[in-house]
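Architecture at a glance
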Amino acid sequence: MESNQTKLESPVAPETPTSVDFPGKKIRKRNKPSLSCEACTVKKTKCDRGRPHCLACLKRRSSCQYSQLADLIEESHRALGIESPRKKPKQQQAGTADPATIHISQDGSRPAERIQSRSSTGSSPILLSNMPFSHPTASNLFKAEHPFSNYWTLAGGLAEVVGVLPSKDQSDILIAKYFDVVDPIYPMIDQAMFRQDYEQVWSMPPSERKHTDGSLIALIFVMLAMGTQFVPLPSPDQKEQTAEFYVSASHQALRMSSYLSRPSLRSIETMVLITYFLMNDNHSSDAYCFAGILIRQAYALGLNRDPSLVVPNAYPPEMQQRRKLWQAVFLQDTFFTIILKLPPTATHTDVRLEDLDERDQDPSKNDGANDISYIRSFWTLCNICQSNLCTPRSLSLPISSTAEARTRLVTDFDRIYSSFPLPYRTFNEAAVCDLARRSKRLARQTLFLNSNYYHCLMLVYADENEEMTLDLEGTLNSAHEAVNSFFLLHTLFEDEARVWFHFQHRAFSEALVLAELIKSKPKGFSSMDPLYMRAKNDLLRMIGILQLSSETDVVSRTRVGVLSN
């Protein structure tokens, strides 16, 4: 114990007296551990305690190192969701710039230094380890714990996994729920082809099912898991345990199919759904880790390449399936990185949007709104987000360096929105409710598409730096439209709204932006302003929705506290 304590001793401040000595006055030793970096401690300069480099060391262009105790305290604060104390650096005078600070932009210019922004990255509270946003005890993906609990024996093989399939009746209910709720949002599975393979599995004698393709069994189990998340069960714990058991079986079947060395379309489909399952199960860290494996497998299978070049002899349905599956990977990566503010990885592709075949869709029905037009709409939105939002936010750079650049980017967003089919952009409560009566599938797609679009537009308007303040009206309007899509989802599909983690997470972050603006009251934003009153109503409504589940859900309870404060 003594040796360990010796190792964790932190450097103390020098005991040299000040320039004026007072005789007879005892000089006290510093007994408080220093949380500043070693260079700032020695030089006696203010340290903002930033990781991995503090601002002072960046300006000095010197190495920045912290004591073991300082790092230990920082890690413990981060694990507990406690904000570590930070020292604010002195503000520079207006019109001056520090020549030692180098800023990078995509065009090679040096934009203004980025200050703390409502769409900033460096000082954002939306971190993987922060309790209000993710599970406080996220587990290690590769241990025999959640999310892939080890129920399986060494010699059980695929037969052991197939043996825990539920009854055919129960399985049919869960698969139907999947196609009813999940497939409209992520239409990547060929339903007719899957149904054929699914029925074939059930037509086999139980003793022969162990010879089925392991990736098909894995796909069935993860669809059962996601279906379970959306069915009403008497006990929430029972639902959670059943769903996690099914996803564990899915992962075990993937392992039995050697998915890491033999990727296939089915294994990629399974991995996409497992990632969404982990997000819904409130384990964003695990989902992000597993999504990293998924991206590598998608690249290894050549999904990012034009199918006519990679598999020129394939039948048209297979080429179509490859394009749809790449879009699902691309969509997941783009908006996952926006939520977590991390670098995008699905960035290299020559798959063309116009090659998506919609011959099996009726363009005259629903004003052109169908699965293919929905995929195309999201595809164009992903493209502009990856290049203009994901990359700069992951590097703590401004989204727009000037007001003119922001105006151009907003114009690009408006042009993309205008290209959506009419039902997807007729976004008001009456229209969406009417659409839900005619087609729940289209209503779900409209809500998800608008939620993502307006959330990204809010980030553009809320971006600010020393050369540019946020656009208050644009931020409030886009945040209102974004959070209103969650309110409509909660009104029309309440049970589903409680399950879709990333939809709820976006709505919370939008409410958080509104709360910050209401609290700070920027210039020109009065309590009698209709925008102010609408923002306050949106915030109170979000708190009310979260309070419905706050008694049983620690994340909802913490979010209520964050928004209320």
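See above for the structure.
It should be emphasised that the depicted structure is a prediction, and the values quoted were computed from it without experimental measurement.

Okay, the pattern of salt bridges next. Evaluation of the coordinates by the stated rule reveals 14 salt bridges. One salt bridge in this structure joins aspartate 180 and arginine 444, with 3.9 Å as the shortest N-O distance. Remark: arginine 444 occurs in helix H18 (residues 440–462) and aspartate 180 occurs in helix H6 (residues 168–181); sequence separation between them is 264 residues. The exposure class of aspartate 180 is partly exposed, given its relative accessible area of 36%.

Now for the nonpolar core. By size, the foremost hydrophobic cluster in this structure holds 146 residues, and its most contacted members are Met223, Phe413, Trp500, Met542 and Leu563. Among the elements that line this core, the one with the most residues is H18, at 13 residues. Those residues within four positions of methionine 223 in sequence are excluded, and the remaining contacts are Leu174, Ile175, Tyr178, Phe179, Ile189, Phe194 and Leu273.

To continue, consider helix H9 (residues 236–256). Taking 1.5 Å of rise per residue, the 21 residues of H9 would be expected to cover 30 Å, and the 30 Å separating its terminal C-alpha atoms lies within 8% of that figure. Inspection of H9 places Ala243, Glu244, Tyr246, Val247, Ser248, Ala249, Ser250, His251, Gln252, Ala253 and Leu254 among the buried residues, and these make up the whole buried set. Looking at the buried residues of H9, the elements they touch are helix H5 (157–162), H6, helix H8 (214–230), helix H10 (265–280) and helix H11 (284–300). Where H9 ends, the next residue or the one after it, serine 258, has phi of about 55 degrees, a positive value.

What follows deals with unusual backbone geometry. A positive phi angle is found at arginine 49, which is not glycine, with a value near 60 degrees. When you line up the elements, arginine 49 lands in the loop between helix H2 (38–43) and helix H3 (55–60). Classification of arginine 49 by relative accessible area gives buried; the value is 12%. The backbone phi angle of serine 258 is positive, close to 55 degrees, even though this residue is not glycine. As for its placement among the helices and strands, serine 258 is situated in the loop between H9 and H10. You can call serine 258 partly exposed: its relative accessible area is 31%.

In this section: the environment of leucine 457. Among the structural elements, leucine 457 can be located in helix H18. The buried category is assigned to leucine 457, whose relative accessible area is 6%. Taking the C-alpha atoms as reference points, leucine 457 and asparagine 477, separated by 20 residues in sequence, lie 9.7 Å from one another. With residues up to four places along the chain from it excluded, the contact list for leucine 457 reads Val410, Phe413 and Ser478.

Calculation criteria
- Residues numbered from 1 in each chain as written.
- Predicted model: local features only at pLDDT ≥ 70, side-chain atom pairs only at ≥ 80, totals over all residues.
- Heavy atoms only, no water.
- Salt bridge = Lys/Arg side-chain N within 4 Å of Asp/Glu carboxyl O.
- Helix = DSSP H or I, 4+ residues; strand = E, 2+ residues; numbered from the N terminus.
- Buried < 20%, exposed > 50% of the residue type's maximum accessible area, 1.4 Å probe, protein only.
- Core = buried A, V, L, I, M, F, W, Y, C linked by side-chain atoms within 4.5 Å.
- Contact = heavy atoms within 4.5 Å.
- Expected span 1.5 Å × (residues − 1).

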